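Per-entry structural report
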Amino acid sequence: RSQSNMKVVIMDEPTKGIDVGAKKEIYEIMGQLAKKGYGIIMISSEMPEIIGMADRIFVMCNGRVSGCLDRSEVTQEKILELGMPKFTAKQIAELIQGRVEGNENAIVKTFAKIEEGVPGAISFLSNPKYTHYIYETKSSVVLINEDVELDQPVSATLIRVKNAYECVAKLLQFYESMKPAKK
């Protein structure tokens, strides 16, 4: 087939706000177009729809393509991971004027309470009664006041700041400002 005969249909949220019966009809029309050789670009915010319909999924984050997945490798977790912004400990420290102790390239993609930390999370320690959690947290990065003295090594990368509580508020504000505006 020559390129001059190629046909592409772009569908932006084709099933948003419609009932299940109408969705089925749209999916059938898309299938018929694909059988006729049309290329279909479907833009959708509905994860089950994307996973069920697409041969290839391009995930965007902050207005840029952050990855491409073929149907054989698609999972909801992979889509979500590609769709979440990621930061290094060094980038976060620069934003909040902190000092990194540990791996400055540690990746952060979510927030977590220090006692519920998971790899890829950032937590904070501002209340001394929670200090024991810093030794067992699974969070990749922990914000900690610069005057806190630890009596044993920790596995998390630390970012030392003047006031960990205020820095978390600043990070949450920054994170919220990055989210696309809702229509």
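Since the structure is predicted, the reported quantities are computational estimates derived from the model, not experimental observations.

Here we come to the side chain of Ser139. Residue placement: Ser139 occurs in the loop between β9 (121-125) and β10 (141-145). Of note is the side chain of Ser139, whose polar atom sits 2.6 Å from the side chain of Ser123.

As a further point, take the nonpolar core. Within the largest apolar cluster, 15 residues are counted, with the highest numbers of intra-cluster contacts made by Ile92, Ile96, Ile122, Val141, Leu143 and Ile159. Mapped by element, the contributors of at least two residues to this core are α4 (89-96), β10, β11 (157-161) and α5 (164-178). Those residues in contact with Ile159, other than ones at most four positions away along the chain, are Ala89, Ile92, Ala93, Ile96, Gly98, Arg99, Val100, Val141, Val142, Leu143 and Ile144.

Turning our attention to the pairing of β9. Counting buried residues along β9, 4 of its 5 residues qualify, which places the element largely inside the surrounding structure. Inspection of the sheet shows strand β8 (residues 110-111) paired to β9 by 2 bridges, in the parallel sense. Bridging from a neighbouring strand, Phe111 pairs with Ile122 of β9. Examined bridge by bridge, β9 and β10 share 4 bridges and lie parallel to one another. Residue pairing across strands places Leu125 opposite Ile144, the latter belonging to β10.

As judged from the 5 bridges shared by strand β1 (residues 8-12) and strand β2 (residues 39-43), these two strands associate in the parallel manner. Counterpart to Ile10 in the pairing with β2 is Ile41. Crossover connection from β1 via helix α1 (residues 20-35) to parallel β2: handedness right-handed.

Now for the environment of Lys109. Checked against the element boundaries, Lys109 lands in the loop between β7 (107-108) and β8. Given the relative accessible area of 28%, Lys109 is considered partly exposed. Considering only alpha carbons, one finds Lys109 and Thr88, 21 residues apart in sequence, at a separation of 8.9 Å. If we ignore the near neighbours within four places in the chain, the residues touching Lys109 are Glu81, Met84, Pro85, Lys86 and Gly120.

Right, let's get into the pattern of salt bridges. The final tally for this structure, using the stated rule, is 6 salt bridges. Close ionic contact of Glu28 with Lys24 constitutes a salt bridge, the shortest N to O distance being 3.6 Å. Of the two residues, Glu28 and Lys24 are both situated in helix α1; the distance of 4 residues between them amounts to about one turn of the helix. In this structure Glu28 comes out as partly exposed when scored by relative accessible area, which is 43%. Note that Arg160 and Glu101 form a salt bridge whose closest N and O atoms lie 3.0 Å from each other. Of this pair, Arg160 sits in strand β11 while Glu101 sits in strand β6 (residues 99-101), and the two are 59 residues apart along the sequence. Under the relative-accessibility criterion, Glu101 is labelled partly exposed at 27%. It is possible to trace a salt-bridge network through shared partners that takes in Arg99, Glu101 and Arg160.

In this section: the side chain of Thr137. Here Thr137 shows up in the loop between β9 and β10. Within the local environment of Thr137, its side chain forms a polar contact with the backbone nitrogen of Ser139, the two atoms lying 3.2 Å apart. Among residues more than four places away in sequence, those in contact with Thr137 are Ile114, Gly117, Val142, Ser155 and Ala156.

Read from one edge of the open sheet, 5 strands run β6-β11-β10-β9-β8, paired in mixed fashion. Either end of the sheet is taken by a strand with one partner, and the two such strands are β6 and β8. Sheet analysis places β10 next to β11, joined by 5 bridges and oriented parallel. By the bridge assignment, Ile144 is partnered in β11 with Arg160. Across the face of the sheet, α4 comes into contact with β6, β9, β10 and β11 while running at roughly 5° to β11.

Cut-offs used in this document
Residues numbered from 1 in each chain as written. Predicted model: local features only at pLDDT ≥ 70, side-chain atom pairs only at ≥ 80, totals over all residues. Heavy atoms only, no water. Helix = DSSP H or I, 4+ residues; strand = E, 2+ residues; numbered from the N terminus. Polar contact = N/O pair within 3.5 Å; in protein donor to acceptor, adjacent residues only side chain to side chain. Core = buried A, V, L, I, M, F, W, Y, C linked by side-chain atoms within 4.5 Å. Buried < 20%, exposed > 50% of the residue type's maximum accessible area, 1.4 Å probe, protein only. Contact = heavy atoms within 4.5 Å. Pairing = 2+ DSSP bridges. Right-handed = clockwise from strand over helix to strand, strands pointing away. Salt bridge = Lys/Arg side-chain N within 4 Å of Asp/Glu carboxyl O. Axes fitted to C-alpha atoms, helices over the stretch in contact; angles between N-to-C directions.

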